[in-house]
Amino acid sequence: MIAQELGKLQRVDLRDVWKHEEKDFTPWLVQHIDMLGDVLGLDLEIVGSEHPVGDFAVDIVARDLGTQKLVIVENQLGETDHGHLGQLITYGAGVEAGTVVWLSRNFREPHRQALDWLNRGHGTSTGYFGVIVELLKVDGSNPAVNFRVVASPNDWSRGSMRSIKPQALNDKNSLYQGFFQHLIDELREKHKFTNARVGQAQNWYSFSTGTRGFQYAASFAKAGQLRAELYIYIGDSSKNLAALEALRADRLAIEQAFGEPLEWEPLETKLACRVAVYRPGGIQDSTASLEEYEKWFIDRLLRFKTVFGPRLPAALTAAEASTQQPIVSNNGQA
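All figures in this text were calculated on a predicted structure; none of them were measured in a lab.

What counts and what doesn't
- Residues numbered from 1 in each chain as written.
- Predicted model: local features only at pLDDT ≥ 70, side-chain atom pairs only at ≥ 80, totals over all residues.
- Heavy atoms only, no water.
- Core = buried A, V, L, I, M, F, W, Y, C linked by side-chain atoms within 4.5 Å.
- Buried < 20%, exposed > 50% of the residue type's maximum accessible area, 1.4 Å probe, protein only.
- Helix = DSSP H or I, 4+ residues; strand = E, 2+ residues; numbered from the N terminus.
- Contact = heavy atoms within 4.5 Å.
- Pairing = 2+ DSSP bridges.
- Axes fitted to C-alpha atoms, helices over the stretch in contact; angles between N-to-C directions.
- Arc of directions from axis to C-beta.
- Polar contact = N/O pair within 3.5 Å; in protein donor to acceptor, adjacent residues only side chain to side chain.
- Salt bridge = Lys/Arg side-chain N within 4 Å of Asp/Glu carboxyl O.

Student: What is the right way to look at the nonpolar core in this model?
Tutor: The tendency in soluble globular proteins is for nonpolar side chains to be buried as a group. Counting residues in hydrophobic clusters, the biggest one holds 44 residues, and the most contacted among them are F214, L230, F304 and F308. Residue contributions to this core peak at nine residues, all from helix 8 (residues 287-308). The contacts of L230, once residues within four sequence positions are left out, are T209, F214, Q215, Y216, L247, C273, R274, V275, F304, F308 and L312.

Printed below as a string of structure tokens:
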């Protein structure tokens, strides 16, 4: 048997691809934040880039949709240094981040040890990641990005990060955590629907749509109901309503493609909107019922992605344009 010929793995200098950290690498990472989320086991949605924190600006602010906590990402195409370490701590405190990520070409050992020390707790719930970013290619192939975790929260491993200790849970929270853990595992492994890896002890879970301001979500709503939904929170109530109306303009075709009627909910009191479908159910129902609820959630979430996903960029554009229209008085004068 002739051995298969193997290619030669080569490392590519980051600055051969991204000449400038702020102008080149940060915009690329904003567009590919799901790649970083996959390595960290988080479903991330971009909140902003070059986000002001006092007199400074953090490279990227994202949101972990599983917990709704903020994640800050600081990029460094060179080797780690003391200045960036101080900035990370300042930024994390400034936005009360749940997770802080330091990306660099190479981690000096004292800085990796510093992240390990921060992760030992000392009364803080913030988790710190050190991630090496590298470019690799085989023979003459195009370079490929590789993220490599070199420092992480103590209870994290690739595929598992537990944010709540089991002894801190009551029986109902344990049921929620177990249900959503199995749900997100199914959605991730079988349907490639999410990067999320950790079920939380809460009655809901949100997932990225890939479009800013929109999330898919599954929840045990009040009054013994399950709810699968598209949640709209773009920034203010007028934009949210504009996005809802842009989608609702195609309501007949949407509901026909979805396969059942939908509830179109402005939610003025919550400064958000949603499109949802409901069914009866509760977390303390029988095991057989919970298995049926999981199937129902998966089916509806996949339908939301199929039907709404392609429509969301246009809805976001309509929402942003709605705030740029001139105000016209009763006499027709702007």
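The discussion continues.
Student: What is the right way to look at the sheet that holds strand 12 (residues 225-232) in this model?
Tutor: Within a sheet, each strand pairs with its neighbour through backbone hydrogen bonds, oriented either parallel or antiparallel. Strand order in the open sheet formed by five strands is 10-11-12-14-13, and the pairing between neighbours is antiparallel. Both outer strands of the open sheet, strand 10 (204-208) and strand 13 (263-265), are each paired with one neighbouring strand and no more. Sheet twist, expressed as the average angle between the axes of neighbouring strands with direction ignored, equals 20 degrees. Against the sheet, helix 5 (residues 171-189) makes contact with strand 10 and strand 11 (214-221), and its axis sits at roughly 140 degrees relative to strand 11, the strand it touches most.

Student: Whenever I open this one, helix 7 (residues 251-258) confuses me. Can you help?
Tutor: Each full turn of the α-helix corresponds to 3.6 residues, which orients residues three or four apart in the same direction. Buried within helix 7 are the following residues: I254, E255 and F258. Projected down its long axis, helix 7 carries its buried residues within an arc of 90 degrees, all on one side. Summarising the geometry of helix 7, the exposed residues directed more than 90 degrees from the buried face are L252, Q256 and A257. On its buried side, helix 7 packs onto helix 6 (237-248), strand 13, strand 14 (273-280) and helix 8. Looking one or two places after helix 7, you find G259, whose phi comes out positive at around 100 degrees.

Student: What is the right way to read the side chain of E134 from this model?
Tutor: Turning to its location among the elements, E134 is positioned in strand 6 (residues 127-138). Here the side chain of E134 touches R148 through a polar contact of 3.4 Å, side chain to side chain. The residues contacting E134, other than those within four sequence positions of it, are R11, L14, A144, V145, N146 and R148.

Student: In this structure, what is going on with the pattern of salt bridges? I would like to understand it.
Tutor: Oppositely charged side chains may form a pair once their charged atoms are brought near each other. Summed over all chains, the structure comprises 21 salt bridges. In this structure, R112 engages D116 in a salt bridge whose closest nitrogen and oxygen atoms are separated by 2.5 Å. A residue pair is termed a helical-turn pair when its members lie 3 or 4 positions apart in one helix, as R112 and D116 do in helix 4 (residues 109-119) at four residues. Across the pair D299 and R303 runs a salt bridge whose closest N-O atoms are separated by 2.7 Å. In this pair, D299 and R303 are both assigned in helix 8, four residues apart and thus about one turn of the helix distant. For D299, a relative accessible area of 29% corresponds to the partly exposed category. Residue classification places R303 among the partly exposed positions, given a relative accessible area of 23%. One connected set of salt bridges, linked through shared partners, spans R227, E229, E265 and R274.

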